[in-house]
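Read off the chains here:
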Amino acid sequence: MWTRRDVVKTLAAGGGMLAMPATIREALGALEPDVEIVLTATKGEAPILSGRATPVWTYRGKVVKGEAGSMQSIPGSYLGPIIRVRKGQRVRLVLENGLAEATNIHWHGLHVPDDMDGHPRHTAAPGKRFVYEFEIKDRAGTYFFHPHPHGRTGTQVYFGLAGLFLVSDEEEQAAKLPLGEYDLPLILQDRSFDGENRLVFLSDERARGGGMMGGGMMGGMMGGGMMDMMTRMMGFLGDRVLVNGRPDAILSLATRPYRLRLLNASNARIFKLAWDDGSPLTVIGTDGGLLEAPVQRSYVTLAPGERIELWTDFSRYAVGTELTMRSLPFAGDMAMGGGMMGGGMMGMMMGNQELPNGAAFPVLKVRVARSEKAPVTLPKRLSTIVRYRPEDAVNYRRPRVFHITMGMMEWGINGRGFEMERVAEDEIVRLNTLEVWEFANDASMGMMGMMAHPMHIHGLQFQILERSVTRALREARDSVSAGYVDEGWKDEVFLMPGERAKVLVAFKDFPGLFPYHCHMLEHGDTGLMRNYLVRV
Ligand code: C2O
Ligand code: CU
């Protein structure tokens, strides 16, 4: 038996803090996993641009137990390995911290016990390790992992720490989707580089691998400190798009169907993805795995942390065709230009970035390089999704509302910033209940204007019930909303300025303390994060 759950329950029922004593952890460590992988977070170098290699932070992975195929590296990429496991497997993931600062790993999207989830209160000090052990309870899907130490998540992800976590199951196998090289993970990120090919982040991070943040008007006007403070709050946007850690991505593909798994692993970049020949996108999956049936979109909106899976059939193109996936323009999330959101001084200054959110740019190129027949067809049915019934929610008539707030230059949720081990009365839920949560992005109007926020709940997948938007901001919202895919399981819900969304959330299996936060990493790092407590 896998007994960790029982131990956690006992501790939680005791009402005290939920930290698990080391002795219990050691004892549990004796249980035999099906797969064991060691991930060492360390500094390294990667060939990203031509010329000098780029100093990065990276996970070095090693399979200690289980099939060699449980882990796959992306050749030449600084990004973490791809972990591939099956539903029902028990995994042990050993994080070794080879960095000069504390780190941990959050298994984004996975349903795991609270002390295995990579909460910021559980980190490994430099030179130390943290052992994660859990059973894969999730359905097949494209999950991912990244560090989550409070205040440092943005930095650690930016310098390279992130990887995919792909789960498969029987239902997925029955759908007979493209496999192997035809099952293509595409991790999208934006980054900036200096003249020596070093990653540029905040100027006070220079010593760690970056250079001075792109001078320009803002640098000149504001100087490093003020500028850093703004970026640290508003979100870092790079001026180059990397796919799987490489710039100017060109994929040489065959005239057949592919499964494209897109992850937006940027800190703050929002994508509005479309093919340049206008052909629609066939979406087969979201954050929590396959949809019931494929849906079509003319474009898809992908915020930081979100995943989308596409079925893309290149058989209707002649060999030699080139196709570009672009990010289309949309009403960006600051006062930029339009003045529509009246962002004031700060907004105008932020608008001077080279590539603001809402700007158009190419993401990747596909070269249809060879002809190949494939015995796969798009299934009409992909999976079964059991719909929650809103009327089963214990608070159906009175949803919990979480307002995204901006205080005196400080993000918050319902006016509160992050507190490591605390929850408020209105953040406590009961195990084995279904609730309606409403995230409201219509209260943070301040000198900064308004921004979009992808809200993420740890430890579970939810269903999106409905959305609404303030009339004054409808037009901006509608510049991306046709690209929402709300039909599937989600662990994030993206909200444009003025938008609200109700989601159905069920609390099962694991009592304890879990974060929920904005996945614009700088927002989460500067207070747009809170805990919720699942009480027995
Ligand atoms: Cu992927 Cu708490 O985040
Ligand atoms: Cu945010």
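What counts as what
- Numbers given to residues run from 1 along each chain, matching the order in which its sequence is written.
- Lettering for chains starts from A, numbering for ligands starts from 1, and both go in the order in which the items are written.
- Confidence filtering applies because this is a predicted model: local features only for residues at pLDDT of at least 70, side-chain atom pairs given and counted only at 80 or more, and all residues used for totals across whole chains, interfaces and linings.
- In computing side-chain properties, one takes all heavy atoms of the structure into account and sets aside hydrogens as well as water.
- The numbering of helices and of strands both runs from the N terminus, where a helix is a DSSP run of H or I of at least 4 residues and a strand a run of E of at least 2.
- The rule is simple: take the accessible area with a 1.4 Å probe, protein chains only, and divide by the maximum for that residue type; under 20% is buried, over 50% is exposed, in between is partly exposed.
- Between two residues, a contact is recorded if the distance between any of their heavy atoms is within 4.5 Å.
- To be clear on the numbers: accessible area is Shrake-Rupley with a 1.4 Å probe, and residue cover counts the displayed protein chains and nothing else.
- Here the coordinating atoms are restricted to nitrogen, oxygen and sulfur within 2.8 Å of the metal centre, or 3.2 Å for Na, K and Ca, and because water is not among them the sites may look incomplete.
- We define a nonpolar core as any set of buried Ala, Val, Leu, Ile, Met, Phe, Trp, Tyr and Cys residues linked to one another through side-chain atoms lying within 4.5 Å.
- By definition, two strands form a pair when at least two bridges between them are found by DSSP.
- Whenever a carboxyl oxygen of Asp or Glu lies within 4 Å of a side-chain nitrogen of Lys or Arg, that contact is scored as a salt bridge.
- Definition of a polar contact: a pair of N or O atoms within 3.5 Å, with one able to donate and the other able to accept a hydrogen when the atoms are protein atoms, and with sequence-neighbouring residues admitted only if both atoms are side-chain atoms.
- Stacked, tilted and edge-to-face are the three classes applied to pairs of Phe, Tyr and Trp rings, where Trp contributes its six-membered ring and a pair requires centres within 6.5 Å; stacked means planes under 30 degrees apart, edge-to-face means over 60, and tilted covers the rest.
- Both a distance and an angle decide whether a charge sits over a ring: NZ of Lys or CZ of Arg must be within 6 Å of the ring centre and within 35 degrees of the ring normal.

### Overview of the overall build of the protein chain
Here's step 1: The secondary structure content of the protein chain amounts to eight helices and 31 strands.
Here's step 2: Burial statistics for the protein chain: of 536 residues in total, 62% are counted as buried.
Here's step 3: Once local pairs closer than 6 in sequence are excluded, the contacts in the protein chain between residues at least 24 apart make up 79%.
Here's step 4: Accessible surface computed for the protein chain: about 19,800 Å², of which carbon and sulfur atoms make up 53%.

### Notes on the coordination of the copper ion (ligand 2)
Here's step 1: Distances from the copper ion (ligand 2) to its protein donors, His-453 (ND1), Cys-518 (SG) and His-523 (ND1), fall at 2.0 to 2.1 Å.
Here's step 2: For the copper ion (ligand 2), the donor residues sit on a single chain with the sequence spacing H-x64-C-x4-H. Taken together, the residues span a long stretch of sequence, with His-453 in strand β26 (residues 453–457) and Cys-518 in strand β30 (residues 512–518) at a distance of 65 residues. In this pair, the class of His-453 matches that of Cys-518, namely buried.

### Topic: the nonpolar core
Here's step 1: In terms of nonpolar packing, the biggest core is built from 51 residues, with Leu-93, Trp-107, Tyr-132, Phe-134 and Phe-165 touching the most fellow members.
Here's step 2: At the level of elements, β1 (35–46), β2 (54–65), β4 (82–86), β5 (90–97), β7 (129–135), β8 (141–146) and β9 (163–168) are the ones that each hand at least two residues to this core.
Here's step 3: If one sorts the elements of this core by residue count, β1 sits on top with five residues.
Here's step 4: Core analysis: the next-biggest nonpolar cluster, separate from the first, contains 43 residues, Ala-249, Leu-302, Leu-310 and Val-366 among them.

### Quick notes on the pairing of strand β16 (residues 281–286)
If a strand is regular, its side chains alternate between the two faces of the sheet.
Here's step 1: With six of six residues buried, β16 is to be regarded as a mostly interior element.
Here's step 2: Looking at chain direction, β16 and strand β17 (residues 289–297) are connected through five bridges and run antiparallel. Each bridged residue has a counterpart across the sheet, and for Gly-285 the counterpart in β17 is Leu-290.
Here's step 3: If you look at the hairpin formed by β16 and β17, you'll find two residues sitting between the two strands.
Here's step 4: Where β16 and strand β19 (residues 307–313) come together, three bridges link them in antiparallel fashion. When the sheet's bridge partners are listed, Thr-282 is paired in β19 with Trp-311.

### Considerations on the sheet that holds β19
Here's step 1: Taking strand neighbours across the sheet as the criterion, the seven strands line up as β12-β11-β10-β14-β19-β16-β17 in an open arrangement whose pairing is mixed. Each edge of the open sheet is held by one strand with a lone partner, namely β12 (246–247) and β17.

### Quick word on the pattern of salt bridges
Here's step 1: Tallied over the full model, the rule gives 42 salt bridges.
Here's step 2: Its salt-bridge partner being Arg-84, residue Asp-183 comes within 3.7 Å of it at the nearest N-O pair. Of this pair, Asp-183 sits in strand β10 (residues 183–191) while Arg-84 sits in strand β4, and the two are 99 residues apart along the sequence.
Here's step 3: By relative accessible area, which is 6% here, Asp-183 ends up buried.
Here's step 4: Here Arg-307 ties to Asp-287 by a salt bridge, and the two come within 3.8 Å at their closest N and O atoms. With Arg-307 in strand β19 and Asp-287 in the loop between β16 and β17, this pair connects stretches of sequence that are 20 residues apart.
Here's step 5: We classify Arg-307 as buried; its relative accessible area is 1%.
Here's step 6: Note on Asp-287: relative accessible area 0%, which makes it buried.
Here's step 7: In this structure, a network of salt bridges that share partners links the residues Arg-84, Glu-172, Asp-183, Arg-259, Arg-261 and Glu-309.

### Observations regarding the environment of Met-451
Here's step 1: Within the fold, Met-451 resides in the loop between β25 (433–440) and β26.
Here's step 2: Met-451 sits 45 residues away from Met-496 along the chain, and the two C-alpha atoms are 6.9 Å apart.

### Topic: the side chain of Gln-89
Here's step 1: Along the chain, Gln-89 turns up in the loop between β4 and β5.
Here's step 2: A residue is classified by how much of its surface remains accessible, and Gln-89, at 10% relative accessible area, is buried.
Here's step 3: A distance of 2.9 Å separates a polar side-chain atom of Gln-89 from the backbone nitrogen of Arg-86.

### Structural notes on the packing of aromatic side chains
Here's step 1: Enumeration according to the criterion identifies 30 aromatic pairs in this entry.
Here's step 2: For Arg-256, the ring lying beneath its charged end belongs to Tyr-182, and the centroid distance is 3.5 Å.
Here's step 3: One Lys or Arg, Lys-272, reaches over the ring of Tyr-299 and ends 4.4 Å from the middle of that ring.

### Some points on the pairing of β9
Here's step 1: Of all six residues that make up β9, six are buried, and the element is covered over most of its length.
Here's step 2: By the alternation rule, side chains of β9 split into Gly-163, Phe-165 and Val-167 and Leu-164, Leu-166 and Ser-168, which are all buried.
Here's step 3: Here β4 runs beside β9; their pairing, made up of four bridges, is parallel. By the bridge assignment, Arg-84 is partnered in β9 with Leu-166.
Here's step 4: Of the strand pairs in this sheet, β8 and β9 are connected by five bridges, and their pairing is antiparallel. Bridged to Tyr-143 within β9 is Phe-165.

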